[in-house]
Amino acid sequence: MSEILIETESGDLDSAPMNLQMGPSHPAMHGTIKMRVKLDGEIVQKTEVEVGYLHRGFEKSCESVTWSQVMPYTDRLNYVSPLCNNVGYCMAVEKLIGVRATERCEYVRTIMAESSRICDHLTCVGASAMELGGFTAFLYAIEAREELWRLTETVTGARLTHSYCRIGGLKDDLPVDFVPNYRVVEKKVRSLVADMHALLDRNRIFLDRMKDVGSMTAERALQWGFTGPVLRSTGSDYDVRKASPYMLYDRFDFEVPVGSKGDNYDRYLVRMEEIEQSFRIIDQCLKQMKPGPVNLEDGRLLLPPKDEVYGSIEGTIAHFKIIMDGIQVPPGEVYSYTEAGNGELGFYLVSTGEGRPYKCRVRPPCWSLMQGLHELLEGYQIADIVPTFGSVNMIGGECDR
Amino acid sequence: MGVNCKINGQPVTVENGTSVLEAARGAGFEVPHFCWHPGLSRPANCRMCLVDASNSPKPIPSCYIGVAEGVDYTTDSEHVRELRRAILEFILLNHPIDCAICDQAGECELQNNYFDYSLQSSRLATDKNHKPKAVALSDKITFDGERCIVCTRCVRFCDEVAKTSELGVKNRGERSEIAVFPGKTLTNPYSMNIVDLCPVGALTSTDFRFKCRVWFMSTVESVCDQCSRGCAIYLDHHKGEVMRYRPRENRQVNDWWVCDNGRMSYTTLHDERVLAPVVRDGAKPTRATLDAALERVKVLLAGRGDKVAVVVSATLDNEALFAARRLVDQALKGARVFVSARADGTDQDDILLRNDKNPNRKGVEVLFGVLPDTAALRAAVADGDVTHVLALGGTFSADDVQGATVIAASVHATDAVRAAEVVLPLQSHAEHDGSFTNFAGQVQRFQAGIAPVGEAVAGWELVSRIARALGHDLQLSSAGGALKALAKEQPDFTGFTHISLGATGRKLGSGLVVEAPAEPTATAP
């Protein structure tokens, strides 16, 4: 070991700051991000966050496919909560067209988006705990997520890349046995979440690593454009679902949990409480929703049923025109925003009246978080990078697009 | 005299005799139709263009009825929309579910009109009516009776444009069917235009059938090079191959039509192509680089004065001809210039076809004046006045140059080209930008569609390379630049650029008219 230590003439260890390249292949960096860290001993003096390792050209790709064909791409933005992205994109296109989905559709979209949010938070919290050595909590979280994924699979047909929403509706209504199945899953997930609380909330090691680490003030967080749980952990209660209720969120009774210090522990608590609130919202959806169509009665937006496509020339033509030319979106531009797992997910769309987006810009919540991430890291120890970076839940698919 | 009416509340003044449909289109209101075509008579049989009129208790066929003074026409009321849905329900009633296997899908007026104006589901509870499918109306055209909506555009085309009247409708009602009259054959030289005219997939080109889905193809605006008419065409290509030609509307040249020979000429585009430069080494032709071939050209041509003949082909585009003129003026001073051409045909009519099978003979005349032809060349070679021939374009025969040393730049490798000392590969008109001047003096632009075949070079560029080998710079760097330079030197071409030629082209000399004589006009611009 001794030959790699640099010794000065006086025989002391070199005290000059050390530059360290952390990532992108560091396990805690998800393979999708790199940090250039300047260390003074164990203390992080300066951090430069380098993103772009998962850039796929999402926005450019959208310009060469029809409005509907963008849907699978949105699954791959924040791939931990794809349904939030599906809903956000559909709402943007619908806003541009000037239509609103049916009431039942909005209830179903809310249920699915909230269950996606729960999965998002479970993944983040579980992985954060694992990175600190709390492997049991991780297994509990992933088991809970697995339950929800299995349920989601019965609805969307896929575990991860759901592509469930359609412009003007959904792939399908909820399956007939959804509610009883959901109740079983809910009970199990709630019990697992309670176990996680028991494992982590007052765990000495967890508290030492999380409390008063990676703090930020609400003012600074707003200046960086932070949204979502990271902003709310600082004490600001901005949540798109409350600040500008979309779909049916004004009908639901739910709280927006906020922290006080904006440290890792507050972010953990906010996420755990949001899981609870999401369950409350889903409960209310199930109580309020009534039978009805999930798709708009608009042949210009939605494909005809398959028996009509294969059994009548009318259905064949409608199917052909929508698939080949794409749905026709009137010229114009729109910004539409939703509260996704990590904060405000915005879509800025421009249409020139053709079957394809002229521009599809995404405002990913992670992007802003990465701009200000260094402030959460600087002044703390190098070992704190792992829990702090874990607690902001950076998702490369969404950040880099 | 104008007629005043209102269309959807908007005051419109049109010439007397204008149909309501045309007046509405002029005012920006699209009226769906199947049977109406601007180049044909109006039978008003599809009923798709019905509109409301204030002087009629019932809706009127807008393609047929002329605008009447003071009448309000409505093209988009709920009543009219309801009618359109009803008409489309009738038309689609027995229509087969063929989109997936139909060549027309993607450019089908029935698909477009149904999607834009109906979207009503089928209410047919019984089986569909069946009719003959895949019937060969001729060796060029395949007919599908089930897809036909009996708009009779094809029948009217044969009656009114081709004036051969081979087609008719047999039976009545839902049994109606397009058929060739007994004792006749559908062999008029314009028959394939009915494929484009057919708004659905009932008449398909046997040649194009099942070859390529239309949405895969890219399209450029081109000009047919098969006769001196120079019909405006669309060149559809896919994966570097020309898939078909279609007529392109140009009222100055070909209206909406193109002859069958011209349409099918894409199939011979690559026949016997010269793919790379060839230099004859003794008796053996050897493939060479372009530079090596040009070096040989220099050795053969430099310093031979009036023993050199430059033979320009009437199939070259204006840009190549202009480069050739500069070549003679600068690098081959004293060379004699001759014109070669494809042999005349005998099928000229008063529709489109011309006996002169060269797309740019007029261009040669404008750039070089009246040139001696290949008979004169033959005599000059025989007399020993010409010992070296630079043939630009392969439309000369071996007899024309018997005894001379020949350098041939050509698209196709004819026997005469194969016998040449040096062979240089030329691009076809599908591979580069350029322009042709038709027999009536209409200069039309054609665009590059596919990538050059082999090592083929555009005419203007090849001539520039020859000049450079001979130590002269023709100062041409693109086809567009060549036309601009030509426009500066040749008064007839004044003001012409590839962009200003536009889709329909311009008449020779039209750029010279700086200002039209001031005459009071009735209509505002």
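Residues numbered from 1 in each chain as written. Chains lettered and ligands numbered in written order. Predicted model: local features only at pLDDT ≥ 70, side-chain atom pairs only at ≥ 80, totals over all residues. Heavy atoms only, no water.

Chemist: Could you clarify how one ought to interpret the packing of aromatic side chains in this entry?
Modeler: What characterises a pair of aromatic rings is the spacing of the ring centres plus the angle enclosed by the ring planes. Residues and elements named next belong to chain A. For the structure on display, the rule yields 18 aromatic pairs over all chains. Relative to Tyr73, the ring of Phe58 lies with its centre 6.5 Å away and its plane at 75 degrees, an arrangement referred to as edge-to-face. Of this pair, Phe58 sits in helix H1 (residues 58-62) while Tyr73 sits in helix H2 (residues 71-75); the two residues are 15 residues apart in sequence, bridging distant segments of the chain. In this structure Tyr73 comes out as partly exposed when scored by relative accessible area, which is 30%. Aromatic pair Tyr249 and Phe252: ring centres 5.9 Å apart, planes at 85 degrees, arrangement edge-to-face. Judged by relative accessible area, Tyr249 falls into the buried class, the value being 2%. An aromatic cluster of at least three residues, connected via ring pairs, comprises Tyr107, Tyr246, Tyr249, Phe252 and Phe254. Taking NZ or CZ as reference, Lys242 lies 4.2 Å from the ring centre of Phe254, over its face. One Lys or Arg, Arg401, reaches over the ring of Trp367 and ends 5.4 Å from the middle of that ring. (Phe/Tyr/Trp six-rings, centres within 6.5 Å; stacked < 30°, edge-to-face > 60°. Helix = DSSP H or I, 4+ residues; strand = E, 2+ residues; numbered from the N terminus. Buried < 20%, exposed > 50% of the residue type's maximum accessible area, 1.4 Å probe, protein only. Lys NZ or Arg CZ within 6 Å of the ring centre and 35° of its normal.)

Chemist: What is the right way to read the pairing of strand E14 (residues 278-281) of chain B from this model?
Modeler: Taken residue by residue, a regular strand's side chains alternate between the two faces of the sheet. Residues and elements named next belong to chain B. Bridge analysis of E14 against strand E15 (residues 284-287) gives 4 bridges, and the strand direction is antiparallel. Across the sheet, residue Arg280 finds its bridge partner in E15, namely Pro285. Linking E14 back to E15 in an antiparallel pair, the connection comprises 2 residues, with Gly282 at a positive phi of about 70 degrees. Of the strand pairs in this sheet, E14 and strand E20 (residues 422-425) are connected by 2 bridges, and their pairing is antiparallel. Counterpart to Val278 in the pairing with E20 is Val423. (Pairing = 2+ DSSP bridges.)

Chemist: How should I be thinking about the environment of B:Asp236 in this particular structure?
Modeler: All names here are of chain B. Mapped onto the fold, Asp236 is located in strand E12 (residues 232-238). It is 43 Å that separates the C-alpha atoms of Asp236 and Gly403, two residues lying 167 residues apart in sequence. In this structure Asp236 touches Met217, Ser218, Thr219, Glu241, Val242, Met243, Arg244 and Arg246, once residues within four positions along its chain are discounted. A polar atom in the side chain of Asp236 sits 2.7 Å from the side chain of Thr219. (Contact = heavy atoms within 4.5 Å. Polar contact = N/O pair within 3.5 Å; in protein donor to acceptor, adjacent residues only side chain to side chain.)

Chemist: It is not clear to me how the layout of surface pockets should be interpreted in this structure. Could you clarify?
Modeler: Size it by volume and the largest pocket reaches roughly 1100 Å³. Those elements giving two or more residues to the lining of the largest pocket turn out to be helix H13 (313-325) of chain A together with helix H3 (109-117), helix H5 (193-197), strand E10 (203-205), strand E13 (241-247) and helix H6 (260-264) of chain B. If one sorts the elements of the lining of the largest pocket by residue count, H3(B) sits on top with 5 residues. Here the residues of the lining of the largest pocket sort into 21 nonpolar, 10 polar and 16 charged. Two domains each donate at least three residues to the lining of the largest pocket, and these are domain 1 (2-76) and domain 2 (127-268) of chain B. (1 Å grid on protein atoms, 1.4 Å probe; cavity = no way out; pocket = protein on both sides within 12 Å on 5 of 7 lines; lining within 4 Å. Points joined across faces, edges and corners; volume = space filled by probe spheres on them. Nonpolar A, V, L, I, M, F, W, Y, C, P; charged D, E, K, R; others polar. Domains from an automatic or database assignment.)

Chemist: When you look at the packing of helix H5 (residues 135-156) of chain A against helix H6 (residues 178-200) of chain A in this model, what are you seeing that I'm missing?
Modeler: A pair of packed helices can be characterised by two numbers: the angle between their axes and the separation between those axes. Residues and elements named next belong to chain A. One can describe the packing of H5 onto H6 by two numbers: an axis separation of 9 Å at closest approach and a directional angle of 165 degrees. Here H5 is positioned roughly antiparallel relative to H6, judged by the angle of their axes. Seen from above, H5 lies across H6 with left-handed handedness. On H6, the residues that touch Thr136, Ala137, Tyr140, Ala141, Glu143, Ala144, Glu147, Leu148, Leu151 and Val155 of H5 are Phe178, Asn181, Tyr182, Val185, Lys188, Val189, Leu192, Asp195, Met196, Leu199 and Leu200. (Axes fitted to C-alpha atoms, helices over the stretch in contact; angles between N-to-C directions. Parallel < 35°, antiparallel > 145°, perpendicular 65-115°, else oblique. Left-handed = near helix turned anticlockwise from the far one by under 90°.)

Chemist: Which parts of the structure should I look at to understand the pairing of strand E6 (residues 332-340) of chain A?
Modeler: All names here are of chain A. Judged from the 9 bridges that link them, E6 and strand E7 (residues 343-351) form a sheet pairing that is antiparallel. Bridged to Gly332 within E7 is Ser351. Connecting the antiparallel pair E6 and E7 is a turn made up of 2 residues.

Chemist: Would you mind going over the sheet that holds strand E2 (residues 10-15) of chain B with me for this structure?
Modeler: The mixed open sheet is built from 5 strands, whose spatial order is E2-E1-E5-E3-E4 (chain B). Strands at the two margins of the open sheet, each flanked by one partner only, are E2 and strand E4 (60-61) of chain B.

Chemist: Looking at this structure, how should I read unusual backbone geometry?
Modeler: For residues other than glycine, phi is negative in most cases, and the peptide bonds are mostly trans. All names here are of chain B. At Thr152, a position not held by glycine, the phi torsion is positive, near 70 degrees. Note on placement: Thr152 falls in the loop between strand E7 (141-143) and helix H4 (153-160). Of note in this structure, Gln475 is not a glycine but carries a positive phi near 60 degrees.

Chemist: What is the right way to look at the interface of chain A and chain B in this model?
Modeler: How big an interface is tends to be expressed through the accessible area that disappears when the partners come together. Contact residues are listed per partner, giving 16 residues for chain A and 21 residues for chain B. In this assembly, chain A packs against chain B so that about 1600 Å² is buried in total across both faces, 73% of it on carbon and sulfur atoms. Between chain A and chain B we count 0 salt bridges in total. Connecting chain A to chain B are 4 residue pairs in polar contact (both at pLDDT 80 or more). Every element with two or more residues in the side of chain A that touches chain B is listed here: helix H12 (306-311) and H13 of chain A. Looking at the side of chain A that touches chain B, the element that brings in the most residues is H13(A), giving 9 residues. (Buried area = accessible area lost by both parts, 1.4 Å probe. Salt bridge = Lys/Arg side-chain N within 4 Å of Asp/Glu carboxyl O.)

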